[in-house]
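Here are the chains, one letter per residue:
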Amino acid sequence: MTNNFDRNRQPEDGEDAPFVERVVRISRVAKVVKGGRHLSFNAVVVVGDSDGHVGIGMGKADAVPDAVRKGAANARKNIVEITLSGSTIPHEVVMKYGGALVMLKPASPGTGVIAGGAVRAVVELAGVRDILTKARRSTNPVNVVKATFEGLKSLRDPQEEIRRRKALVESMAERARIQAERRAARQARHAAAQAQAAAQPQAAAQPQ
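Definitions and limits used
Residues numbered from 1 in each chain as written. Predicted model: local features only at pLDDT ≥ 70, side-chain atom pairs only at ≥ 80, totals over all residues. Heavy atoms only, no water. Helix = DSSP H or I, 4+ residues; strand = E, 2+ residues; numbered from the N terminus. Buried < 20%, exposed > 50% of the residue type's maximum accessible area, 1.4 Å probe, protein only. Contact = heavy atoms within 4.5 Å. Areas by Shrake-Rupley, 256 points an atom, 1.4 Å probe, with all protein chains shown as cover. Pairing = 2+ DSSP bridges. Lys, Arg positive; Asp, Glu negative; His and termini not counted. Salt bridge = Lys/Arg side-chain N within 4 Å of Asp/Glu carboxyl O. Polar contact = N/O pair within 3.5 Å; in protein donor to acceptor, adjacent residues only side chain to side chain. Patch = residues over 30% accessible without salt bridge, like charges linked within 9 Å, V, L, I, M, F, W, Y side chains within 5 Å. Charge placed at Lys NZ, Arg CZ, Asp CG, Glu CD. Axes fitted to C-alpha atoms, helices over the stretch in contact; angles between N-to-C directions. Expected span 1.5 Å × (residues − 1). Core = buried A, V, L, I, M, F, W, Y, C linked by side-chain atoms within 4.5 Å.

1. Thoughts on the overall build of the chain
Alright, step 1. When helices and strands are tallied, the chain shows four helices and nine strands.
Alright, step 2. Along the chain, from the amino end to the carboxyl end, the secondary structure elements read β-β-β-β-α-β-β-β-β-α-β-α-α.
Alright, step 3. When the 208 residues of the chain are sorted by exposure, 32% land in the buried category.
Alright, step 4. In the chain, the share of contacts with a sequence separation of at least 24, taken over all contacts with a separation of at least 6, comes to 56%.
Alright, step 5. Surface accessibility of the chain: about 12,600 Å² in total, with carbon and sulfur atoms responsible for 52%.

Now the structure itself:
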């Protein structure tokens, strides 16, 4: 069962004002117990400020509002900062989660959000306004939302990544130079010790 209950719920009093909640899916779960069937609800909630911060969470309760509230609380605990490039993402990324495969591709300004419901909820609340997406294989909203979330988390700024890799190469070169110097010093000490050991018998063999 899928429900659009309170699809864009505004934060309540005492909650973080900048964040907006969006319910992606509400499912009814029936569990057979001794006394009959026990009904509960699962809610997948996305929370974001449309400015580079987004989180996802799942809540389970006997009533829909309680499930949504729990999902929103869990989503707030999982909020991460997303790397953006203007109104789009810095580079293309393909992420797999479970049976879902989601592709996120940068788009030129004015393109808008080309995405399905589950992917759209995550990218819009993350602050992405221009993007091309494609969800393949599984259409399970839970896996699609998680794949999209992981894909956004994996984004990196190209310039920052270039600087980080240059620093890594320089540190590795510096480490190799230091190791070479230490190796040369050890070899020099070993050669000096061998020369000294060879000189001692010659000195003892000379007549007084």
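So, next bit.
2. A closer look at the pairing of strand β4 (residues 53–61)
Alright, step 1. Pairing analysis gives eight bridges linking strand β3 (residues 36–48) to β4, with the strands arranged antiparallel. When the sheet's bridge partners are listed, Ala43 is paired in β4 with Gly59.
Alright, step 2. Between β3 and β4, which follow one another and run antiparallel, lie four residues, and Ser50 among them has a positive phi close to 60°.
Alright, step 3. Taken together, the two bridges between β4 and strand β5 (residues 80–81) define a ladder with antiparallel strand orientation. Among the inter-strand pairings, Val54 is bridged to a residue of β5, identified as Val80.

3. What about the side chain of Asp130?
Alright, step 1. On the secondary structure map, Asp130 appears in the loop between α2 (117–126) and β9 (131–137).
Alright, step 2. Summary of buried charges: Asp130 has no salt-bridge partner, and the nearest side chain of opposite charge, Arg129, is 5.5 Å away.
Alright, step 3. A polar contact is formed between the side chain of Asp130 and the backbone nitrogen of Thr111, at a distance of 3.1 Å.
Alright, step 4. One polar contact links the side chain of Asp130 to the main-chain amide nitrogen of Gly112, over a distance of 2.9 Å.
Alright, step 5. Non-local contacts of Asp130, meaning those with residues more than four positions away in its chain, are made with Ser87, Thr88, Ala107, Ser108, Pro109, Gly110, Thr111 and Gly112.

4. A closer look at a positive patch on the surface
Alright, step 1. Together, Lys96, Lys134, Arg136 and Arg137 make up a positively charged patch on the protein surface.
Alright, step 2. Of the residues forming the positive patch, the biggest block, three residues, is contributed by β9.

5. What to know about the sheet that holds strand β6 (residues 93–97)
Alright, step 1. The strand order across the open sheet formed by four strands is β6-β7-β9-β8, and the pairing between neighbours is mixed. Taken across any chain shown, the strands that pair with only one partner, and hence form the sheet edges, are β6 and β8 (113–114).
Alright, step 2. Two strands pair when backbone bridges link them, and β6 and strand β7 (residues 100–106) are joined in this way by five bridges, in the antiparallel orientation. The partner of Val94 across the bridge, within β7, is Met103.
Alright, step 3. Taken strand by strand, helix α3 (residues 141–153) contacts β6, β7 and β9, and its axis lies near 40° from that of β7.

6. Some words on α3
Alright, step 1. Across its 13 residues, α3 extends 18 Å between first and last C-alpha, which sits within 8% of the 18 Å expected from 1.5 Å per residue.
Alright, step 2. Among the residues of α3, Val142, Asn143, Val144, Val145, Ala147, Thr148, Phe149, Gly151 and Leu152 are the ones counted as buried.

7. Quick word on the nonpolar core
Alright, step 1. Grouped together as the largest cluster of nonpolar side chains are 29 residues, with contacts concentrated most on Val46, Val54, Leu104, Val145 and Leu152.
Alright, step 2. The set of elements that each furnish at least two residues to this core consists of β3, β4, β7, α2 and α3.
Alright, step 3. The element contributing the most residues to this core is α2, with seven residues.
Alright, step 4. Contact partners of Leu104, with chain neighbours within four places excluded, come to Ile89, His91, Glu92, Val93, Val119, Ile131, Leu132, Thr133, Thr148, Gly151 and Leu152.

8. A closer look at the environment of Ala67
Alright, step 1. Position of Ala67 among the secondary structure elements: in helix α1 (residues 64–77).
Alright, step 2. As for Ala67 and Ser40, which are separated by 27 residues in sequence, their C-alpha atoms are 8.7 Å apart.
Alright, step 3. Look past the residues within four positions of Ala67 in its chain and what remains in contact with it is Phe41, Ala43, Gly59, Lys60 and Ala61.

9. Considerations on unusual backbone geometry
Alright, step 1. Phi at Ser50 is positive, roughly 60°, even though this residue is not glycine.
Alright, step 2. Summarising the element assignment, Ser50 is placed in the loop between β3 and β4.
Alright, step 3. Although it is not a glycine, Arg137 adopts a positive phi angle of roughly 60°.
Alright, step 4. Along the chain, Arg137 falls in strand β9.

By themselves, these observations are geometric and do not establish any function.
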